[in-house]
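Observations on chain architecture
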Amino acid sequence: MGLKRSAAAAGAGAAAAAQTVTLSAPAVRDAVRAAVREAEATAAKATAPAARVPATAAVPAEIARDGVLCLEEVDGRRWSYVVDAAGAAVKAKGRASVGGAFKAVPLQSPLPPVEEIMSFIRSYVVPEGFPESVTPSYVPYMTWRAMKHFFGGAMGVFTTRTLLNSVGVSQSRAASGAVAINWILKDGAGRVGKMLFARQGKKFDYDLKQLRFSGDLLMELGAGIELATAAFPQLFLPMACIANVVKNVAAVTSTSTRTPIYKAYAKGENIGDVTAKGESVGNIADLLGTGMSILISKSNPSLVTSFAVLSCGYLLSSYHEVRSVVLNTLNRARFTVAVDSFIRTGYVPSLKDGNSQETIFNPPWRHEPVAIGSRFGEAFQEPASFIAIKPLFEDERYIVTYNPTKDKVYALLKDQAKPDDILKAAFHAHVLLHFINASHANLNAQKRMNSNRSYQYNPLNMDFVPHIEESCKIVMSSYGVFKKKAREQGWIMSESLLNPGRARLCGVVPQ
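Residues numbered from 1 in each chain as written. Predicted model: local features only at pLDDT ≥ 70, side-chain atom pairs only at ≥ 80, totals over all residues. Heavy atoms only, no water.

The name an unreviewed UniProt entry gives the protein is Protein root UVB sensitive 6, with Miscanthus lutarioriparius as the organism. Turning to the protein, the UniProt record has this under Sequence similarities (unreviewed entry): "Belongs to the RUS1 family." (UniProt positions renumbered as here; feature names shortened; annotations may be inferred.)

This is how it looks when you write it as structure tokens:
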């Protein structure tokens, strides 16, 4: 299977005919590198003062008069993006914004306060897409489950107080009652934390390994806070509440990711047996660890040393446990590994290699270079850039661009986008990112050359239109090759877990 790439040879004042070159699969790397070199040369010309804005950058007259650029829908609510004539003279980091500015105008009145509150509550208690996303029996099941936990929680108040009295906490009824109330408040705070974190529902499917390991980190953090109550007994209630919130959040993560992991190992209809045996192994190991801890505690070891050793063992085991899971679906981390390998070598990694190279720990402060399903206002700085690249994506159900102020590639999805379109948009975004990274090296070289002179470069979306054009040519011919090679390696391409944003472009005004 080959990679086809269309190239146009530009002449002086006349357009040359397009020619098609067919390359074998191993030559994908050379083709992409050649395209990068061409893009770098084009970018160098584009950064020259006389050629910064292509002729296509001019905003049409009907658009410039507060015309509508496009419509966007997020969770059933719509916005229109219009050119803001009043913002045309606004300076963008020391330079006038090309083509003026734009603003988002809501197309519906704000929801009444009661509906806003109900929408907020629904986001915590029902799955996304309810009721279409679940079977009809879901509602009665959850109703009776809520009743069961209500009575169980009420009974917990009496059982906790009885247990505390039984171990001789205090012979005074008043003292034992106060301790029991503190204990119940601690547990109640944990349940609140569990409920709030459950709102992240679908992320447990998208980033299963990452959340599983993060949950184990939280579990050890909660254990550390609980042990710290021995040093600050006067702060028992607030510290115990915080620890219980953290540990319950970790428990939600563990419970929510358990079934998908077992499902990955089950062959046929034996998921129940796999789950039962897996839980049995976990309980046996837990009992053995408890017995060892009891024996060690008789020698009164250092609390800090014991916690440090056991926590390191726990987290190291958790890390290798998560890395050993082999999934055949593509979330963002595994998709990034697969596309980067394809761009560099022309090959898609196997299931085992792709999973082993997946990034497990993603700190919240980590910069994500690609965003899928973003808002229009996040992706574009000026209307002219949207007008310039819109024709490139007339036959696609997405639009890809790069915002230099945020150093991020954005894939905007149209309302007709289907799972394969989302996958293709993500693939295109990573190809464009490859061009952008090559361009950054070229720009850094220009900055070093102009270090002794006054040199100020404030990039806009418009500056990267040549890269977007080149990426379209590459994606047009290589996306099918990528999908074929991924299927051959066992990856499921019919569905993906890329977790796109909910914004959709639902219309563009005809020109």
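**What to know about the packing of helix 11 (residues 332–345) against helix 16 (residues 465–488)**
In the contact formed by helix 11 and helix 16, the axes pass within 11 Å of each other and the chain directions differ by 120°. With respect to helix 16, the axis of helix 11 lies oblique. Judged by the sense of rotation from one axis to the other, the crossing of helix 11 with helix 16 is right-handed. Contact residues: Phe335, Ala338, Val339 and Phe342 in helix 11; Ser478, Val481, Phe482 and Lys485 in helix 16. In terms of residue class, the contact of helix 11 with helix 16 is built from six nonpolar, one polar and one charged. (Axes fitted to C-alpha atoms, helices over the stretch in contact; angles between N-to-C directions. Helix = DSSP H or I, 4+ residues; strand = E, 2+ residues; numbered from the N terminus. Parallel < 35°, antiparallel > 145°, perpendicular 65-115°, else oblique. Left-handed = near helix turned anticlockwise from the far one by under 90°. Contact = heavy atoms within 4.5 Å. Nonpolar A, V, L, I, M, F, W, Y, C, P; charged D, E, K, R; others polar.)

**What about the pairing of strand 10 (residues 408–413)?**
With five of six residues buried, strand 10 is to be regarded as a mostly interior element. In this structure, strand 8 (residues 370–372) lies alongside strand 10, joined through three bridges in parallel fashion. If you follow Val370 over to strand 10, its bridge partner there is Val409. Sheet topology places strand 9 (residues 398–403) next to strand 10; six bridges connect them, and they run antiparallel. Residue pairing for strand 10: Ile399 is matched across the bridge by Leu412. (Buried < 20%, exposed > 50% of the residue type's maximum accessible area, 1.4 Å probe, protein only. Pairing = 2+ DSSP bridges.)

**Focus: the pattern of salt bridges**
Scanning all chains against the criterion turns up twelve salt bridges. Among the salt bridges present, the one from Lys209 reaches Glu358, with a minimum N-O distance of 3.1 Å. Residue Lys209 is located in helix 7 (residues 208–228), and its partner Glu358 is located in the loop between helix 12 (351–356) and strand 8; the two are separated by 149 residues in the primary sequence. Side by side, Lys209 and Glu358 carry an identical accessibility label, which is buried. A salt bridge links Lys247 to Glu226, with the shortest nitrogen-to-oxygen separation between them at 3.1 Å. In this pair, Lys247 is assigned in helix 8 (residues 236–265) and Glu226 in helix 7, connecting sequence segments 21 residues apart. Here the salt bridges share partners, and the residues they tie into one network are Lys209, Arg334 and Glu358. (Salt bridge = Lys/Arg side-chain N within 4 Å of Asp/Glu carboxyl O.)

**With respect to helix 7**
Taking 1.5 Å of rise per residue, the 21 residues of helix 7 would be expected to cover 30 Å, and the 30 Å separating its terminal C-alpha atoms lies within 8% of that figure. Of the positions making up helix 7, those classed as buried are Leu208, Lys209, Gln210, Leu211, Arg212, Phe213, Gly215, Asp216, Glu220, Gly222, Ala223 and Ile225. Here the buried face of helix 7 lies against helix 6 (203–206), helix 8, helix 10 (303–323), helix 11 and helix 12. (Expected span 1.5 Å × (residues − 1).)

**Comments concerning the pairing of strand 3 (residues 68–74)**
Inspection of the sheet shows strand 3 paired to strand 4 (residues 77–84) by six bridges, in the antiparallel sense. Counted as the bridge partner of Val74 is Arg77 from strand 4. What sits between the antiparallel neighbours strand 3 and strand 4 is a turn of two residues, in which Asp75 has the positive phi angle 55°.

**Quick notes on the sheet that holds strand 10**
Spatially, the three strands line up as an open sheet ordered 8-10-9, and their pairing is mixed. Strands at the two margins of the open sheet, each flanked by one partner only, are strand 8 and strand 9. If you compare each strand with its neighbour and ignore which way they point, the axes differ by 15° on average.

**Here's the deal with the packing of aromatic side chains**
Geometry of an aromatic ring pair is reported as the spacing of the ring centres plus the angle between the planes. Inspection of every chain in the model, using the stated rule, returns 13 aromatic pairs. Note on Phe335 and Phe482: the rings are 6.0 Å apart at their centroids and 85° apart in plane angle, and the pair reads as edge-to-face. On the criterion of sequence distance, the pair formed by Phe335 in helix 11 and Phe482 in helix 16 is long-range, its members being 147 residues apart. Residue Phe335 shares its accessibility class with Phe482, and that shared class is buried. Residues Phe427 and Tyr479 carry aromatic rings whose centres are separated by 5.6 Å and whose planes lie at 55° to one another, so their mutual orientation is tilted. In this pair, Phe427 sits in helix 15 (residues 419–449) while Tyr479 sits in helix 16, placing the two residues 52 residues apart along the sequence. When sorted by exposure, Phe427 lands in the same class as Tyr479, which is buried. (Phe/Tyr/Trp six-rings, centres within 6.5 Å; stacked < 30°, edge-to-face > 60°.)

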